[in-house]
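Single-letter residue listing:
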Amino acid sequence: MNWMESARRIQEDLEGLSAFTATPGQGCTRLPFTPETRAAADFLLKKMEEAGLETWQDPAGNLFGLLPGRNREKPCILCGSHYDSVPGGGNYDGIAGVVCAIELARVLREEGITPDADYLAAAFMDEEGCRFGSGYFGSKAVLGRLEPGEAGRLTDEEGITLARAMERYGLKAGELPKAAWPKGRIGHFLEIHIEQGPVLDGQKKELGVVEGIVGLRRYRVAVNGRADHAGTTPMDMRSDAVEMAARVIAQVGDMAREAGGSTVATVGQVNTRAGAVNIVARSLEFSLDIRSLQNEVLEEIPARIRRRLQEETEKTGGSFTMEETLRIQPVELSRPMRKILEESCRERGHSWMALPSGAGHDALSMGQQVDTAMLFVPSRAGRSHCPEEYTPPEAFGRAVQVMKDLIVRL
Ligand SMILES: [Zn+2]
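Residues numbered from 1 in each chain as written. Predicted model: local features only at pLDDT ≥ 70, side-chain atom pairs only at ≥ 80, totals over all residues. Heavy atoms only, no water.

With respect to the overall build of the protein
Argument step 1. Along the backbone of the protein there are twelve helices and 16 strands.
Argument step 2. Against the compact-globule benchmark of 22 Å for 410 residues, the protein has a radius of gyration of 24 Å, which places it among compact chains.
Argument step 3. Projected onto the principal axes, the alpha-carbon positions of the protein cover approximately 85 × 50 × 40 Å.
Argument step 4. Buried residues in the protein amount to 55% of all 410 residues.
Argument step 5. Contacts spanning at least 24 positions in sequence make up 77% of the contacts within the protein whose residues lie at least 6 apart.
Argument step 6. Working note: accessible area of the protein is about 17,500 Å², and carbon and sulfur atoms make up 48% of it.
Argument step 7. In the protein, the 49 positive side-chain charges and the 59 negative ones have mean positions that sit 2 Å from each other. (Helix = DSSP H or I, 4+ residues; strand = E, 2+ residues; numbered from the N terminus. Rg over C-alpha atoms; globule rule 2.2 N^0.38 Å. Buried < 20%, exposed > 50% of the residue type's maximum accessible area, 1.4 Å probe, protein only. Contact = heavy atoms within 4.5 Å. Areas by Shrake-Rupley, 256 points an atom, 1.4 Å probe, with all protein chains shown as cover. Lys, Arg positive; Asp, Glu negative; His and termini not counted. Charge placed at Lys NZ, Arg CZ, Asp CG, Glu CD.)

Right under this line is the structure:
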């Protein structure tokens, strides 16, 4: 199979799909359970059928296309990504991985390869979580990890519940448990995704073999002091929330640098209360986002920050609270599958590098339970979640070739 032909078909499919946006001319806006999603789903199901796959939509709005394997009893190989987008996003994030999964099925059929186990191309609903504020909805449904009542509780900006949006879309929230696959039925999950960062493009590498997906901790921190007159209160009699917090915030970046590797830590929001040009601030709130491949680091940095807050607030009789708002465990991707991907890159002469993923993906969700592998293709100038997002079609052609080698060797 000529991989340039793969690249051409992938480009054609992506061009077709780019029409299904709520913001034509201003990037891709395909929020879950909307008419744009419906149109994209119909397009994808048609492409899967044309590829000779048996297709269906599950109760969560996920789409599947099945190519039966030699051994139907064996745990299957699932390959895919998501088909929703962020508001004003690009034409590649998620959807390119779905199109590649369908192209993989075409290539397998054209080359007369029957995989050992069933192969399924998958398109997941609502990975981004932009409409209902959750994320990984489709992949969580497949794993049976949705919380009961979640669809009735989550609402969009207009107050429409997820359950109601599903109903308008022609699906029933009550049937969501049926989207879960029997334990052990999925043997491997494979995902091709754009990198969404500048590393591969900057290093001029054609492919990225993803080592793992970083875990994440988010906190809301409040430091409390005392409001006082900025002119009359001597420096040694203040309990200044800004000063206490700033001493700690200034160290957050260094803590991440010390941990090294993939670790990043960000204070993205800071707000003071009763702060004015002539008032010592009573309190300061800040956000904290820490990501790392190493679980120990995700435990250690927040503990260090807590200790530092304790020390600083004790000095002046202040106080603090530190509330965890999100916790996601890091996932190490399958070592044996990474080795096969790397071998294939070498044999086929594609330049590659191993790298971690700093963004979450369906692979992060699936990887909690299933043996998972992920390939990154370069994002031009690292741009993503914007209309400028671009990856050349040849990059997807190469990724499909390498993923095919993995499927054959599994
Ligand atoms: Zn994505």
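That shown, we press on.
Things to note about the coordination of the zinc ion
As a benchmark, a tetrahedral metal site with four donors has ideal angles of 109.5 degrees, while an octahedral site with six donors has ideal angles of 90 or 180 degrees.
Argument step 1. The coordination sphere of the zinc ion contains the protein donors His82 (NE2), Asp93 (OD) and His193 (NE2), at a distance range of 2.0 to 2.2 Å.
Argument step 2. If you list the donors of the zinc ion from N- to C-terminus, the spacing comes out as H-x10-D-x99-H. One end of the pair, His82, is in strand β3 (residues 76–82); the other, Asp93, is in the loop between β3 and α3 (95–110), and eleven residues separate them in sequence.
Argument step 3. Note on His82: relative accessible area 0%, which makes it buried. (Donors = N, O, S within 2.8 Å, 3.2 Å for Na, K, Ca; no water.)

Some details on α3
Argument step 1. Across its 16 residues, α3 extends 23 Å between first and last C-alpha, which sits within 8% of the 22 Å expected from 1.5 Å per residue.
Argument step 2. Burial runs high along α3: 14 of the 16 residues are buried.
Argument step 3. Gly112 occupies a position one or two residues after α3 and carries a positive phi of about 70°. (Expected span 1.5 Å × (residues − 1).)

Re the packing of helix α8 (residues 241–259) against helix α9 (residues 295–316)
In helix packing, the relevant descriptors are the interaxial angle and the interaxial distance, both defined with respect to the helix axes.
Argument step 1. Axis separation between α8 and α9 bottoms out at 10 Å; the angle between their running directions is 155°. Accordingly, the angle class assigned to the pair α8 and α9 is roughly antiparallel. Of the two possible hands of crossing, α8 and α9 adopt the one that is right-handed. On the side of α8, the interface is formed by Met244, Arg247, Val248, Gln251, Val252, Met255, Ala256, Glu258 and Ala259, while α9 contributes Val297, Ile301, Arg304, Ile305, Arg308, Leu309, Glu312, Thr313 and Thr316. (Axes fitted to C-alpha atoms, helices over the stretch in contact; angles between N-to-C directions. Parallel < 35°, antiparallel > 145°, perpendicular 65-115°, else oblique. Left-handed = near helix turned anticlockwise from the far one by under 90°.)

Digging into the packing of aromatic side chains
Argument step 1. Scanning all chains against the criterion turns up eight aromatic pairs.
Argument step 2. A ring pair is formed by Phe33 and Tyr169, whose centres lie 5.2 Å apart and whose planes are at 85°; its orientation type is edge-to-face. Placement of Phe33 in the loop between α1 (3–17) and α2 (35–50) and of Tyr169 in helix α6 (residues 162–169) is noted, with a sequence separation of 136 residues between them.
Argument step 3. With relative accessibility at 6%, the residue Phe33 sits in the buried group.
Argument step 4. Here Tyr169 falls in the buried class, since its relative accessible area comes to 10%.
Argument step 5. Ring geometry for Tyr92 and Phe396: centres 6.1 Å apart, planes at 5°, overall stacked. Taken together, the residues span a long stretch of sequence, with Tyr92 in the loop between β3 and α3 and Phe396 in helix α12 (residues 393–409) at a distance of 304 residues. The pair Tyr92 / Phe396 is uniform in exposure class, with both members buried.
Argument step 6. Through pairs of rings, three or more aromatic residues link up here, namely Phe33, Phe137 and Tyr169. (Phe/Tyr/Trp six-rings, centres within 6.5 Å; stacked < 30°, edge-to-face > 60°.)

Comments concerning the pairing of strand β1 (residues 54–57)
Argument step 1. Where β1 meets strand β2 (residues 63–67), four bridges bridge the pair, whose relative direction is antiparallel. Its bridge partner lying in β2, Thr55 is registered against Gly65.
Argument step 2. Hairpin geometry of β1 and β2 is characterised by an intervening segment of five residues between the two adjacent antiparallel strands and by a positive phi of about 90° at Gly61. (Pairing = 2+ DSSP bridges.)

A word on the environment of Pro302
Argument step 1. Looking at the secondary structure, you find Pro302 in helix α9.
Argument step 2. A residue is classified by how much of its surface remains accessible, and Pro302, at 4% relative accessible area, is buried.
Argument step 3. Put simply, Pro302 and Asp289 are 13 residues apart on the chain and 9.9 Å apart in space, counted from C-alpha to C-alpha.
Argument step 4. Every residue in contact with Pro302, bar those within four places of it in the chain, is listed here: Tyr219, Ile290, Val297 and Met322.

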